[in-house]
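Breakdown of the fold
Here is how the chains run, residue by residue.
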Amino acid sequence: MHRATRLLCVLLCGLGLAGAAVASAPPERGFPLIQSYVPTERNASSQSFGIARDPQGLLYVANGAGVLIYDGAWWRLIEAGRGRSAFSIASDPDGRIAVGGIDELGYLEADAGGTLRFVSLLPLLPPEQRELGQIIHVHPTRDGFVFLTTRLLLSWDGGKIVTLATFPDERPYPETFPVGNEIYLWSRDAGISRLAENRLVPVPGGETFRGRRVDLVLPDSHGLLVSVRGEGLFRLADGRVTPFSPEASRWAAVSKVSEGLRLTDGRWALGSLMGGVLLLRPDGAVDQVIDTSVGLPDDFVNGLVEDREGSLWLALNSGLARIEVVSPLSVIDRRSGLQGSVYTMTRHQGDLWAGTSMGLFTTRGVPASAGPEWSRTTRVRAFPGLSTSVWSFLSVDGDLLVGVAYGVYQLGGGDSLQAVPGTENDVGYVLARSRSVPDRIWVGGEHGLTAIRRDGAGWRFEGQVEGIAGDVRTIVESDGGVLWCGTTIDGALRVDIPAGWPAARPRVRQVVQGGESRTFRLGDRIVATRDGRLFRVDEKRSQLVEDPALAGIRGDRHLYEIAEDVQGNLWMNTRPPAVAPRLGDRWSSELRSLVEVQAREVEKILAEPDGTVWLAGESGLFRYAGLSDHQQRTLPAPLLAPIRTGGDKLLFGGAPGAVPQPAELPSDVRRLRIEFAPVSFRAGLRYQTRLDPEDADWGAPMAEPFAELTRLPPGAYTFRVRTVGPSGESGPETAWSFRVLPPWYLTPWALVLGFGIAVLGIRGYAWQRHRKLRLRTEHLEARVAEQTEELRKTVQELRNAHENLASANTQLEELSLQDELTGIANRRRLRQRLDDEWSRARRNNTPVAFALVDLDFFKLLNDSRGHREGDICLQMVARYLADAAEQVGGLAARYGGEEFAVLLPETGLPNGLLIAEQLREGIERLGIPHETSPLGRITASFGVAAGIPESGQSPDVLIEAADLALYRAKTEGRNRVRAGNVEGETADLEIVTR
C-alpha cells in the first residue's frame, strides 16, 4: 500500500466518526453528481438497451448499433452478427460476454491478434428454430448463459444449446431475473419459478404472482424483493408475500420499474420507464429519486450496473449516464435557484446564505417543496433589495452584516436590509469582528481598511485606517490590537491599532513584500499564503517563517483560501481543490485532490461544526457531508488497448483479457502508437510511461491515454505504463516487450554471407591470377579497377543519400522549433534553450533572466483592424524582439497568442529590467497603428524575473515569477516593466517605466 493510501485511510477513519454527526446537520441536500456520456464511435446509436460489467471493470452496452465497450478512455463498437443491434447483454465471472439481438445470439471472443469479435451461436440451433425474434434477456449461469426470447428459454453451456422451456407467444411475455448465482423466471401462468439443473422449479409463494405482471425480482436478506406492475413492491420470504415500503411502492407503481440491482452498500437501485432511478435502503426507506428534475438526461432506464468505484451507470433510451450514488458531494446551483458565481457563504440563525455576482440568496423563507422528504433538494431564493455582487458576510449578535460592491448592509430581525452610512464608497471584501473591541467590525475594501461600530440597534461608520491604499481581502486580529491583513497586490501587512484610534495614527508595516498574500487563523497560529505555500506569521519579528506542521504542504499559485474542518483537516482552494489530512500535530504533505468539484475557482470554503464543508465557486455551492473512500480505492493496472505501427498496421487489437505477445518490428518502423486504458472511471486520472532501456525513470504524468514512439533504433525494449490518481497515487504497471530488428545488411546471416563471398572472391582471384597468362593480367586489373570505381560510385551515392536524409531531418527539426506565423522560435525551442541555460547557470553559478511580453489591447486591434492586420503586427514585433535579443546573446520566442518571451543568459535582474525597458521602448517606436489603444499605437507590458539556479530548482520558478510580474504590469496600467523576485536575485519591485 502506498504511503498516500495509508495517510488517507487515517483521514477517512476519522471522518467516519464525523458521518455519525451528520444526522443532526441542517437538512440541506444538493443535486447528485451526474455525468452524461456520448460514445465517440460515430456509428453508435443514441438508444441503449442494457449494460454489463466484466470482472476487470470494463463496461459493455447493448446498443442499437451493436455492442459498445468502454474502458475508461476508449470506446469501441462491435456489430452483433447479421442484425448488428444488441438488445441484451451479460458477463459471467470468467469475463465472457454473451449478447442477444434480433434473430441472433452469441458471445464475444478475441481472435489471434487480440481483436474482439462477435461469435454467433445460431449454427448450434436447428434451421427451423433460428427465427428467434428479439432476445429479451441474457444471464450468466454456473456453466454458461441462458437466453430468453418471447417464446423460448435457451441454455448454452459452452458447447451446445438446449431448450429449457417454451411459452405461449402472447403478452405479457415471461421475464427472467438473476438473483445471486441463480435465475428466477416469472410467467403469467406459473408465477415465479427458479431454474435448477435445467428445470424450472416453483418457488414457494411464487404462485401468488400468477396473472400479475412481475417487472423485477431482486435479492433480499430475507428472501426476494418483487416489483409488480401497477401494484408496487413486495417481499417474498418463506413462502409468504407481504407488501414492502409503501412510499417506494407508490413510486414503482406509477413509474413502471424496468431494471434493478443490489448495490454494494446494501441499497437497491430501481430503474423505471417513466421515473428515472430510485435508491431504496434495506429497511425500506426511500433514499433518493434521481430523474430529469435533478439532471438525469432521460427518465427511461433500460439497464443498470455498478462500477468498481461504486457509481451507478444507466443505459437510457437516449444515451448513457453515470451517477455518483456513494459520493458525499452534492451541488446547489441554478437548478436550486442560485444565480451567478458564488463569492461567499455563511450560516446565520440556522439558514444558509450565499453571496454571488448577482446578489444575495438564502434558504430563509423558502417553503418546503411538496412531496416526501426524500424527494426534496435544497432551494434558495433571491433576497430582495440587493442586485449587486455580494463579497462577504458576518453573523454577529443576531445581525447579519453583508459586504457588497458599494458598502456594508445590515440585516436585523426583519426581512429588510439597511445600508451602513459612510461605507458606500468602497467594496466590502471582508468583515472581521475585533477581538479587543467586540463592538467594532473591521471592513477590508478596495481602497484599504475601515471600521464600523454598533450604535444602538444599528451600525455606524467609525473611520479609515491611514497608510493602506490598496485592497484588503483578509483580516486576522491578534492580541494587543494588531491586525494582519492579506492583499492581492501589496502582500501581507501588519497594522498596529493604538488604543486611541481613530484619533491616534496606526502603524502599518509590510510582512510580505508585494504580490498576493492572504492571512488566516489556524488554531493558535496566524498563517499567510505565499506562492502556493503556507507560512506561520512570527508576530514578534513581523515576518513569515517555516512551520514544521505546514512545511510539507505545496499548493499552487492559485492558493488563497483555506479552512480547517472539525477533524483538523486543512481544505485549500487550489486547482483542483485539495485536502491536507491532519496527522497528529501536523498536516500531511500528501494532498487529496477533489477533482470531482467542477469549479475553476473556489472563492470561499466554509467548514461547519457538524463536519459539513462547503466550497463556493462559479458553478454553485458544493456540499461535502464528510469525505468517503469510494474515490480512493486502489487503482487497477491499465489495459493495453490497440497497438499500431505508423502504417496503421494493427499489432494488437486490445481485447479485454488478452495479452499482447512480444513482437518483432521491422527496422523501417517509423512510429509505434500504444493506446492504454485505466479501467476506472474516476475523474482526474493521468498516466506515466517508461521505455526500457531508453528511459531512466518514469515520465511526467500526462492526460493522454496513448504513447507514440518514433525513430527507435534496433534493439530490445519494454514499454511500461501505470495509472496515476488525482492525489498522486500510482497503481501497478502493465508491460509489453518488443524488439526492433536491424536492417537486413546488418543481420548476422548477411554479414556471414558477405564475408564468405569476400573470401571466395579472394581465392578465385588468386586462382585466376596463377592460372591466367601475364597477358590477361592487365585485362583483369582493368576489370578490377572498373568494378572498384562502380563500387566507389555506389558507396558515394549511398553516402549522399544518407547526408540528404540527415539534412532533411535537420530541416524538419528546425521547422518544428519555429513559430509558423512569425518565423521566430516557438515555445518548444524556448523550453529547450531555457533548460540548457538553466543547467549551465547552475554549474557556473551565474544568473539567468526571463521576460514575458504581452501586447496591450491586442484583441481590440483584431476586432477593429481585422486578424490580417493583427498577424502583421505580431510578425513585426517578433522580428524586432528576435533581432534585439540576438544582439545581447538571448533568444526571443512566441509564447502563445499575443505573448512573447525573451531569455537572457548570464543576466541579472537589474540588467534584465534595463534590457526589457529598451525592448518596450523599441516596440513603441515601431509605431504600429492601433486606434483603439490609449496611445494610438501598439505598446507592450513586460514581466521580468532573474535568479541564480539552486540545486534541484526547476526553471519553472523563473517563468512563474515573470508571469506574476507581467500580471502586475497589466493591472497597474500596461505599457510598463515590472520585476518578479526569484530567491537569490533582488531588485526594486516598484520600478515604473511609464
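A brief look at the structure comes next. None of the values given here were measured: they were computed from a predicted structure.

1. Things to note about the pairing of strand β20 (residues 232-237)
Burial within β20 is extensive, with six of its six residues counted as buried. Between strand β19 (residues 223-228) and β20, which pair antiparallel one after the other, the connecting turn spans three residues, and Gly 230 there sits at a positive phi close to 80 degrees. Here four bridges tie β20 to strand β21 (residues 240-243), and the two strands are oriented antiparallel to one another. Each residue of the ladder has a partner; that of Phe 234, found in β21, is Pro 243. Connecting β20 to the antiparallel partner β21 that follows it, the hairpin turn spans two residues, and Asp 238 within it adopts a positive phi of roughly 55 degrees.

2. A short note on the pattern of salt bridges
Counted by the stated rule, this structure contains 61 salt bridges. Close ionic contact of Glu 79 with Arg 84 constitutes a salt bridge, the shortest N to O distance being 3.7 Å. Here Arg 84 falls in the partly exposed class, since its relative accessible area comes to 48%. Note that Glu 931 and Arg 865 form a salt bridge whose closest N and O atoms lie 2.6 Å from each other.

3. Here's the deal with the packing of aromatic side chains
Tallied over the entire structure, the rule returns 21 aromatic pairs. Each ring, one from Phe 244 and one from Trp 268, has its centre 5.8 Å from the other, and the planes form 85 degrees; the classification is edge-to-face. One end of the pair, Phe 244, is in the loop between β21 and α2 (246-255); the other, Trp 268, is in strand β23 (residues 268-272), with 24 residues separating them in the sequence. Taking 5.4 Å as the distance between ring centres and 20 degrees as the angle between the ring planes, the aromatic pair formed by Tyr 717 and Phe 738 counts as stacked. Within this pair, whereas Tyr 717 is found in strand β65 (residues 715-724), its partner Phe 738 is found in strand β66 (residues 730-740), the two being separated by 21 residues in sequence. Both residues of the pair, Tyr 717 and Phe 738, count as buried.

4. Section: the sheet that holds strand β58 (residues 620-625)
The four strands lie next to each other as β29-β58-β57-β56, forming an open sheet whose pairing is antiparallel. Two strands bound the open sheet, and with one partner strand each, they are β29 (329-332) and β56 (602-607). Ignoring strand direction, the axes of neighbouring strands in this sheet form an average angle of 20 degrees. Taken together, the five bridges between β56 and strand β57 (residues 612-617) define a ladder with antiparallel strand orientation. By the bridge assignment, Leu 606 is partnered in β57 with Trp 614.

5. Points about the pairing of strand β69 (residues 899-905)
Counting buried positions over the seven residues of β69 gives six, a clear majority of the element. Here strand β67 (residues 848-855) runs beside β69; their pairing, made up of seven bridges, is antiparallel. The partner of Ala 851 across the bridge, within β69, is Val 902. In this sheet, β69 lies alongside strand β68 (residues 891-896) in antiparallel orientation, the contact comprising five bridges. Of the residues in β69, the one forming a bridge with Ala 892 is Val 902. Where β68 hands over to β69, the hairpin turn is made up of two residues, of which Gly 897 adopts a positive phi near 60 degrees.

6. Thoughts on the packing of helix α5 (residues 827-844) against helix α9 (residues 956-971)
Contact pair α5 / α9: the axes reach a minimum separation of 10 Å and the direction vectors enclose 115 degrees. It follows that α5 is roughly perpendicular to α9 by the angle criterion. Two secondary-structure elements touch here, α5 through Arg 831, Leu 834 and Trp 838 and α9 through Asp 956, Val 957, Leu 958 and Ile 959. Class assignment of the residues belonging to the contact of α5 with α9 gives a composition of five nonpolar, no polar and two charged.

7. A short note on the sheet that holds strand β48 (residues 533-538)
With antiparallel pairing, four strands are arranged side by side in an open sheet as β46-β47-β48-β49. Bordering the open sheet on either side are β46 (519-522) and β49 (543-545), each of which pairs with just one other strand. Strand-to-strand twist of the sheet, defined as the mean angle between neighbouring strand axes without regard to direction, takes the value 45 degrees. For β48 and β49, the ladder comprises three bridges, and the chain directions are antiparallel. Its bridge partner being in β49, Asp 538 is matched across the sheet by Gln 543.

8. Considering the nonpolar core
Nonpolar side chains in soluble globular proteins tend to end up buried together. Among the nonpolar cores identified, the biggest contains 33 residues, and Leu 855, Cys 873, Val 877, Phe 900, Val 902, Ile 923 and Phe 942 are the most heavily contacted of them. Going through the elements one at a time, β67, α6 (858-865), α7 (867-887), β69, α8 (909-925), β70 (940-947) and β71 (977-979) are the ones with two or more residues in this core. Take this core: its biggest share by element is eight residues, from α7. Here Phe 900 is in contact with Ile 824, Ala 851, Leu 852, Val 853, Leu 855, Leu 874, Val 877, Ala 878, Leu 881, Ala 893, Arg 894 and Tyr 895, once residues within four sequence places are set aside.

9. What about α6?
Every α-helical turn comprises 3.6 residues, leaving residues that sit three or four positions apart pointing alike. Every buried residue of α6 is listed here: Phe 858, Leu 861 and Asn 862. On an axial view of α6, the arc spanned by its buried residues comes to 95 degrees, and they lie on one face. For α6, the exposed residues lying more than 90 degrees away from the buried face are Lys 859 and Asp 863. Close packing links the buried residues of α6 with β67 and α7. Once α6 ends, the next one or two residues include Gly 866, with phi positive near 95 degrees.

10. Section: unusual backbone geometry
The peptide bond linking Arg 171 to Pro 172 adopts the cis configuration, its omega dihedral lying at -10 degrees. Cis geometry marks the peptide bond from Arg 575 to Pro 576; its omega dihedral reads -5 degrees. Structurally, the position occupied by Pro 576 is in the loop between β51 (570-572) and β52 (578-580). One non-glycine residue, Glu 197, lies in the positive phi region at around 50 degrees. Tracing the chain through its elements places Glu 197 in the loop between β16 (191-196) and β17 (199-202). Since its relative accessible area comes to 75%, Glu 197 is described here as exposed. The residue Gln 349 is not glycine, and still its phi comes out positive at about 50 degrees. Note that Gln 349 resides in the loop between β30 (342-348) and β31 (351-356).

Parameters at a glance
- Residues numbered from 1 in each chain as written.
- Predicted model: local features only at pLDDT ≥ 70, side-chain atom pairs only at ≥ 80, totals over all residues.
- Heavy atoms only, no water.
- Buried < 20%, exposed > 50% of the residue type's maximum accessible area, 1.4 Å probe, protein only.
- Helix = DSSP H or I, 4+ residues; strand = E, 2+ residues; numbered from the N terminus.
- Pairing = 2+ DSSP bridges.
- Salt bridge = Lys/Arg side-chain N within 4 Å of Asp/Glu carboxyl O.
- Phe/Tyr/Trp six-rings, centres within 6.5 Å; stacked < 30°, edge-to-face > 60°.
- Axes fitted to C-alpha atoms, helices over the stretch in contact; angles between N-to-C directions.
- Parallel < 35°, antiparallel > 145°, perpendicular 65-115°, else oblique.
- Contact = heavy atoms within 4.5 Å.
- Nonpolar A, V, L, I, M, F, W, Y, C, P; charged D, E, K, R; others polar.
- Core = buried A, V, L, I, M, F, W, Y, C linked by side-chain atoms within 4.5 Å.
- Arc of directions from axis to C-beta.

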